[in-house]
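# Examining the three-dimensional arrangement
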Amino acid sequence: MREPEANSVIRNICCIGAGYVGGPTMAVVADRCPLIQVKVVDINQKRIDAWNQNDLSKLPVYEPGLDLVVSRARNRNLYFSVDVQGAIAEADMVFISVNTPTKTKGLGAGKASDLRWVEACARQVANFAQGHTIVVEKSTLPVRTAEVIKTILEAAQTSHQNDSNSSTFEVLSNPEFLAEGSAIKDLEEPDRVLIGGESSEAIEALASIYKNWVPEQKILRTNIWSSELAKLTANAFLAQRISSINSIGALCEATGADVREVARAIGTDSRIGSKFLDAGPGFGGSCFKKDILNLVYLSRHFGLPEVADFWEGVVELNTWHQHRISRLVVKKLFGTLSGKRVAILGFAFKANTNDTRETSAINIAKDLLDEGALLSIHDPKVAPAQIALDLGLEEMKPSKSFGSKSSGTSNEGTWWFSEEISEVCSGADAILILTEWYQYSQINWIEISKNMRNPAWVFDARSIVNSEKVLSAGLQFWRVGDGSAEVR
Ligand code: UDX
Ligand code: ADP
């Protein structure tokens, strides 16, 4: 492989994609590297406008601490723009940070990632880059995507061979390990930074950026395929832990054990570790399911059906667990939700994010709507318009009597949103906590119970409320993974 002629000092970065990964990642890079000009570009004008607006509480991505980082770097050396071509042309390094959802049709549908946006980016880089450009895969991508990008870039190189300003490229994989809700901390103090590539000069050029704030021993260098596969594997292992603990939670409920106690006991084994053992409503987020399905697709493609089945089981368990929770709610409410009010607290896939991609709330809410429930939904950061998109159903604001203790059947299978917890809970037959937002752990159950319709239930799918306080308010209580007598 050819070594690049370029010197390794990076002065201009372009990041294509101003989403949950590109936006926060580049904000931290710009904040920590004031000498580097960072341009984040996106085809979505509305998103770019939102990144540029003065009110930092309205950035398109909600992440604790992001507003401060953006306020320090924006318009100093961090810029958000729709000028994709201009930013690519100026850049020494281009990060590809676009969406890679699972394909919905064609070859690999339901499993393989849809690479159309990555491919479009590679073509844009091939067309507009000047001189030597290092292209960095940041999006979560299936293994061997770098090859696709390389092929497109090399084709451009060959066709421009005789041009005066012919461009050259190097491709690196630099997977993102940030978790939403703690993205800024994860970026500022990463467990590790992984860089995969063939050219040591390109690898060191990228490493030199991270060295501005990441200790050298945390920067791992590897080959490109191992880097890509490490990202999928990390997410698959993490997701597998969630399915494991949720499966044990179901067994705890059946046997009288408490999954929190089981997790505490196994978590003290240093080989297992105590993190990522919280039973919940099932994992959501843009990465876990997609990455596992990618592994499944790859394994089948390479003739390893047993490996594929093993990982597919992790996703199947998660889906089963989500439906198990909705079935359980129906069962506890005497087998029917027809005309009953259920308050859903939390729609984001986890706390401290406004992201709803693959959130368990979607499957659970749809099940409850199918059963004829009238849902009232609260989330401190998710907008009702997003919930309407996710449920494929417009919000139906209640008539005055709807918010009171009496429920009617005319609103069966509908939902409405309120920014007030007390309002969504008023008149409800049941409250279902799906996201571990701090404010839900602080609810005054005595007050809430006064306006619920008896016999009223609290279903805590995140294990965040104090059971004694719920029970002493005269409410019935279920907690995920807890089979102890007090909660039955
Ligand atoms: C994940 C990986 O953690 C991150 O390294 C990668 O870069 C992207 O994918 P993210 O999806 O943002 O990050 O969130 P994460 O904290 O991993 O949570 C994923 C899901 O698992 C959430 O729905 C969360 O609520 C759930 N979860 C997590 C549990 O149910 N229990 C736990 O103990 C931990
Ligand atoms: P992630 O969680 O991976 O960051 P998002 O969906 O939040 O994913 O963000 C990806 C962003 O990439 C979107 O804002 C989308 O408009 C943008 N995007 C997709 N394709 C292109 C492209 N060819 N050029 C510029 N931006 C793109």
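Calculation criteria
Residues numbered from 1 in each chain as written. Chains lettered and ligands numbered in written order. Predicted model: local features only at pLDDT ≥ 70, side-chain atom pairs only at ≥ 80, totals over all residues. Heavy atoms only, no water. Near = heavy atom within 4 Å. Polar contact = N/O pair within 3.5 Å; in protein donor to acceptor, adjacent residues only side chain to side chain. Areas by Shrake-Rupley, 256 points an atom, 1.4 Å probe, with all protein chains shown as cover. Helix = DSSP H or I, 4+ residues; strand = E, 2+ residues; numbered from the N terminus. Nonpolar A, V, L, I, M, F, W, Y, C, P; charged D, E, K, R; others polar. Axes fitted to C-alpha atoms, helices over the stretch in contact; angles between N-to-C directions. Parallel < 35°, antiparallel > 145°, perpendicular 65-115°, else oblique. Left-handed = near helix turned anticlockwise from the far one by under 90°. Contact = heavy atoms within 4.5 Å. Buried < 20%, exposed > 50% of the residue type's maximum accessible area, 1.4 Å probe, protein only. Pairing = 2+ DSSP bridges. Right-handed = clockwise from strand over helix to strand, strands pointing away. Phe/Tyr/Trp six-rings, centres within 6.5 Å; stacked < 30°, edge-to-face > 60°. Domains from an automatic or database assignment. Buried area = accessible area lost by both parts, 1.4 Å probe. Salt bridge = Lys/Arg side-chain N within 4 Å of Asp/Glu carboxyl O.

### Here's the deal with the site of ligand 2
Near ligand 2 lie 16 residues; those nearest to it are Tyr20, Val21, Asp42, Arg47 and Arg357. For ligand 2, an oxygen atom lies 3.5 Å from a polar atom in the side chain of Asn99. Contact with the protein chains hides 89% of the accessible area of ligand 2, taken as 590 Å² for the molecule alone. Sort the elements by how many residues they give to the shell around ligand 2 and helix H5 (residues 116-128) lands first, with three residues. For the shell around ligand 2, the class distribution of residues is seven nonpolar, six polar and three charged.

### Structural notes on the site of ligand 1
Within the structure, ligand 1 sits among 19 residues, and Phe177, Glu180, Asp278, Lys350 and Arg462 are positioned closest to it. Residue Glu176 places a main-chain N or O atom 3.1 Å away from an oxygen atom belonging to ligand 1. If ligand 1 stood free it would expose 660 Å²; the protein chains cover 91% of that surface. At four residues, helix H9 (residues 224-255) tops the list of elements feeding residues into the shell around ligand 1. For the shell around ligand 1, the per-class residue count stands at 11 nonpolar, two polar and six charged.

### Quick look at the packing of H9 against helix H10 (residues 259-267)
Where H9 meets H10, the closest approach of the two axes is 9 Å, and the angle between their N-to-C directions is 130 degrees. Here H9 lies oblique to H10, going by the angle between them. Considering only the axes of H9 and H10, their crossing is right-handed. Between H9 and H10, the contacting residues are Ile245, Ile248, Gly249 and Cys252 on the first element and Val259, Val262 and Ala263 on the second. In terms of residue class, the contact of H9 with H10 is made up of six nonpolar, one polar and no charged.

### Here's the deal with the pairing of strand E9 (residues 341-345)
With five of its five residues buried, E9 lies for the most part within the structure. Here E9 shows a buried face lined by Arg341, Ala343 and Leu345 and a second buried face lined by Val342 and Ile344. Where E9 and strand E10 (residues 374-378) come together, five bridges link them in parallel fashion. In the sheet register, Arg341 faces E10, and the bridge partner there is Leu374. The β-α-β motif built from E9, the intervening helix H13 (residues 360-370) and the parallel element E10 has right-handed crossover chirality. Examined bridge by bridge, E9 and strand E12 (residues 430-433) share four bridges and lie parallel to one another.

### What about the packing of aromatic side chains?
Where two aromatic rings form a pair, the distance of their centres and the angle of their planes describe that pair. The tally for this structure, following the rule as stated, stands at eight aromatic pairs. A centroid spacing of 5.6 Å and a plane angle of 75 degrees characterise the contact between Phe283 and Phe288, whose relative ring orientation is edge-to-face. Their ring planes at 10 degrees and their centres at 5.2 Å tell us that Trp457 and Phe459 sit as a pair that is stacked. The exposure class of Phe459 is buried, given its relative accessible area of 0%.

### Overview of unusual backbone geometry
In this structure, Pro455 follows Asn454 across a cis peptide bond, with omega equal to -5 degrees. Backbone geometry places Phe276, a non-glycine residue, at a positive phi of 60 degrees. Here the phi dihedral of Phe334 falls at roughly 65 degrees; this positive angle occurs in a residue that is not glycine. The residue Phe334 is located in the loop between helix H12 (305-332) and E9 in this model. According to the relative accessible area criterion, Phe334 is exposed, its value standing at 63%.

### Describing the side chain of Gln322
Turning to its location among the elements, Gln322 is positioned in helix H12. Among the residues examined, Gln322 registers a relative accessible area of 4% and is labelled buried. Aside from chain neighbours lying at most four places away, what touches Gln322 is Pro281, Phe283, Ser360, Asn363 and Ile364.

### Let's talk about the sheet that holds strand E13 (residues 457-460)
Ordered in space as E11-E10-E9-E12-E13-E14, the six strands form an open sheet in which the pairing is parallel. Each edge of the sheet is formed by a strand with only one pairing partner; in this case those strands are strand E11 (414-417) and strand E14 (476-479). Looking at each pair of strands side by side, their axes are set apart by 20 degrees on average, direction ignored. In the sheet, E13 pairs with E14 via four bridges, with the strands oriented parallel. Each bridged residue has a counterpart across the sheet, and for Trp457 the counterpart in E14 is Gln476. Sheet strands in contact with H13 are E9, E10, E11 and E12, and its direction is about 155 degrees off that of E10.

### As for the domain arrangement of the chain
Each assigned domain of the chain is listed with its residue range as follows: domain 1 (12-222) and domain 2 (317-487). Distance from the C-alpha centre of domain 1 to the C-alpha centre of domain 2: 38 Å. Listed by partner, the interface residues are nine residues for domain 1 and nine residues for domain 2. For the pair domain 1 and domain 2, the summed buried surface comes to about 720 Å²; carbon and sulfur atoms form 45% of the total. For domain 1, the biggest contributors to the area lost against domain 2 are Tyr20, Tyr62 and Glu180; these three give 78% of the whole. Linking domain 1 with domain 2 are one salt bridge. Here Glu180 and Arg357 are joined by a salt bridge, their closest N and O atoms 3.7 Å apart. For the pair domain 1 and domain 2, the number of links is five residue pairs in polar contact (both at pLDDT 80 or more).

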